[in-house]
Amino acid sequence: MLRVTRTELVAAVTGESSANRTGSRFGVYGTDLGIAWDNGQGEVLVAFGDSYGDRWGGHGAGPGDADWRCNILAVSTTTDLAGGLALDPLVTRPDGMADQFLARDRSARKENTVIPTAGITAAGVDYVHYMSVRDWGAPGHWRTNYGGIAVSDDHGRTWRKPESARWPNRRARDHPFQMGAFTADDDHVYLVGTPNGRFGSASLARVDHDRVSDVDAYEYWTGHGWAAGDAYAARPVFAGSVGELSVRHNRFCDAWLALYLDESRVALVLRTARELTGPWSEPVTVVPGADYPGLYGGYLHPWASDGPELYFTMSRWGPYHVLLMRTTLATEG
């Protein structure tokens, strides 16, 4: 049985008052997410969502005329996270400020923004799972056009979004892989997916390491085995209100960890499983929303997720920034 013994704030990652001074250095005064993965070059790539310049409103996202970029990407080489997560710009504009790395879909009939949801390096290529957001609804609810996979062949410096690497949503807006978390073992890359919004369950898909951007090559866990071809055949590996999911294997627990926002509990929670197909444990609270109102996200750092201490990024809506958090685990029985 897993127990969380302590969770604490390490340092702010973004914002002008953070050690990174992302406002004056990157032109990023407000942003969220902080999805981190190892690109195999001694670097951790860190993807952020909607980001705003010096006319940022000061609480939540917006306004749109405040040098709005739908997404940005930074690089970090910090190995000792006890002092915080240092960032350097990776994708920049000619003026040296952070640039949008995933382009808008100009062919989409309606697209509000393009948000990264997961990242991974496989067979020397970097991949980002992203969602094309059609429109926002009530808090925790939104609709997507599709979930897609972007590809970088130069360790994250430039990106392309193949039209063939997409899972279109349907009118019911219930496609199970519109958001997701990438993870891998020696044999496969896995995508633990959720529908658009924060109130769907988690389903599981897998693909060979060299075919991550080939959506036709994915197999889906049906509850009884793996089946190719139909994402809707996937059955949840764990149910609940699953938002902004991160999944990694932890050697200390000898188990897979799933960290995510549970809107029904208003908390970041953690589940464990010996196999990705389950059974998964019941969720354990890691960060209660009462301590950090407006919290969301929860992305495990790839260089600090194997031991009893986990480091992860966490977002807050107000102020609209990313924090680095640390939690300590203990096992019982």
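You'll find the structure just up there.
Computed from a predicted structure; not experimentally measured.

So, how was this worked out
- Residues numbered from 1 in each chain as written.
- Predicted model: local features only at pLDDT ≥ 70, side-chain atom pairs only at ≥ 80, totals over all residues.
- Heavy atoms only, no water.
- Helix = DSSP H or I, 4+ residues; strand = E, 2+ residues; numbered from the N terminus.
- Rg over C-alpha atoms; globule rule 2.2 N^0.38 Å.
- Buried < 20%, exposed > 50% of the residue type's maximum accessible area, 1.4 Å probe, protein only.
- Areas by Shrake-Rupley, 256 points an atom, 1.4 Å probe, with all protein chains shown as cover.
- Lys, Arg positive; Asp, Glu negative; His and termini not counted.
- Charge placed at Lys NZ, Arg CZ, Asp CG, Glu CD.
- Phe/Tyr/Trp six-rings, centres within 6.5 Å; stacked < 30°, edge-to-face > 60°.
- Lys NZ or Arg CZ within 6 Å of the ring centre and 35° of its normal.
- Pairing = 2+ DSSP bridges.
- Axes fitted to C-alpha atoms, helices over the stretch in contact; angles between N-to-C directions.
- Core = buried A, V, L, I, M, F, W, Y, C linked by side-chain atoms within 4.5 Å.
- Contact = heavy atoms within 4.5 Å.
- Salt bridge = Lys/Arg side-chain N within 4 Å of Asp/Glu carboxyl O.
- Polar contact = N/O pair within 3.5 Å; in protein donor to acceptor, adjacent residues only side chain to side chain.

Draft legend 1. The overall build of the chain, seen in detail. When its secondary structure is counted, the chain shows 1 helix and 21 strands. Expected size for 333 residues packed as a compact globule is a radius of gyration near 20 Å; at 18 Å, the chain falls within 12% of this value. Oriented by its inertia axes, the alpha-carbon framework of the chain measures out at about 55 × 50 × 40 Å. When burial is assessed residue by residue, the chain has 59% of its 333 residues classed as buried. Here the chain displays about 13300 Å² of accessible surface, and carbon together with sulfur accounts for 47% of that area. Between the averaged position of the 31 positive side-chain charges in the chain and that of its 40 negative side-chain charges there is a distance of 6 Å.

Draft legend 2. Main features of the packing of aromatic side chains. Enumeration over the complete set of coordinates arrives at 14 aromatic pairs. Aromatic side chains W167 and Y218 sit 5.1 Å apart centroid to centroid with 80 degrees between the ring planes, which places their arrangement in the edge-to-face category. Remark: Y218 occurs in the loop between β12 (200–207) and β13 (219–221) and W167 occurs in strand β9 (residues 166–168); sequence separation between them is 51 residues. Taking relative accessible area as the criterion, W167 reaches 5% and is therefore assigned buried. Its relative accessible area of 0% is what places Y218 among the buried residues. Ring geometry for F238 and Y260: centres 5.7 Å apart, planes at 20 degrees, overall stacked. Of the two residues, F238 sits in strand β15 (residues 238–250) while Y260 sits in strand β16 (residues 255–262), which places them 22 residues apart along the sequence. In this pair, the class of F238 matches that of Y260, namely buried. By the ring-pair criterion, three or more aromatic residues cluster together here, those being Y52, W68, W317 and Y320. One residue, R170, lies across the ring of Y232, its end atom 3.7 Å from the ring centre. In this structure, R198 is placed above the aromatic ring of Y296, and the distance from its NZ or CZ to the ring centre is 4.9 Å.

Draft legend 3. Here's a closer look at the sheet that holds strand β6 (residues 113–122). The strand order across the open sheet formed by 4 strands is β6-β7-β8-β9, and the pairing between neighbours is antiparallel. With one partner strand each, in any of the chains shown, β6 and β9 form the two edges of the open sheet. Pairs of neighbouring strands in the sheet enclose a mean axial angle of 15 degrees, with direction left out of account. In the sheet, strand β7 (residues 125–136) pairs with strand β8 (residues 142–152) via 10 bridges, with the strands oriented antiparallel.

Draft legend 4. Main features of the nonpolar core. Of all hydrophobic cores here, the largest spans 48 residues; its most connected members are L73, F312 and M314. Apart from residues no more than four positions distant in its own chain, L73 is found in contact with W37, L45, V46, A47, L90, V91, F101, G156 and W159. Counting 22 residues, the second largest nonpolar core, distinct from the first, contains Y127, A205, Y218 and A234.

Draft legend 5. Local environment of the pattern of salt bridges. For the coordinates displayed, the defined rule picks out 20 salt bridges. When the shortest N-O distance is used, the salt bridge between D95 and R93 registers 2.9 Å. For D95, a relative accessible area of 47% puts it in the partly exposed group. Between R251 and D306 there is a salt bridge whose closest N-O contact spans 3.5 Å. With R251 in the loop between β15 and β16 and D306 in the loop between β19 (295–300) and β20 (309–316), the pair connects residues that are 55 residues apart, well separated along the chain. For D306, a relative accessible area of 34% translates into the label partly exposed. The network of salt bridges with shared partners includes D67, R69, R93 and D95.

Draft legend 6. Seen up close, the side chain of K161. Note that K161 resides in the loop between β8 and β9. E111 provides the closest opposite charge to the buried, unpaired K161, separated from it by 4.9 Å. Looking at K161, its side chain comes within polar contact range of the main-chain oxygen of A103, at 2.6 Å. Among all residues touching K161, those that are not within four sequence positions of it are L102, A103, R104, D105, V114, Y130, Y146, I149, A150 and R166.

Draft legend 7. Summary view of the side chain of S241. Here S241 is to be found in strand β15. The residues contacting S241, other than those within four sequence positions of it, are R198, F199, G200, Y260, L261, D262, E263 and S264.

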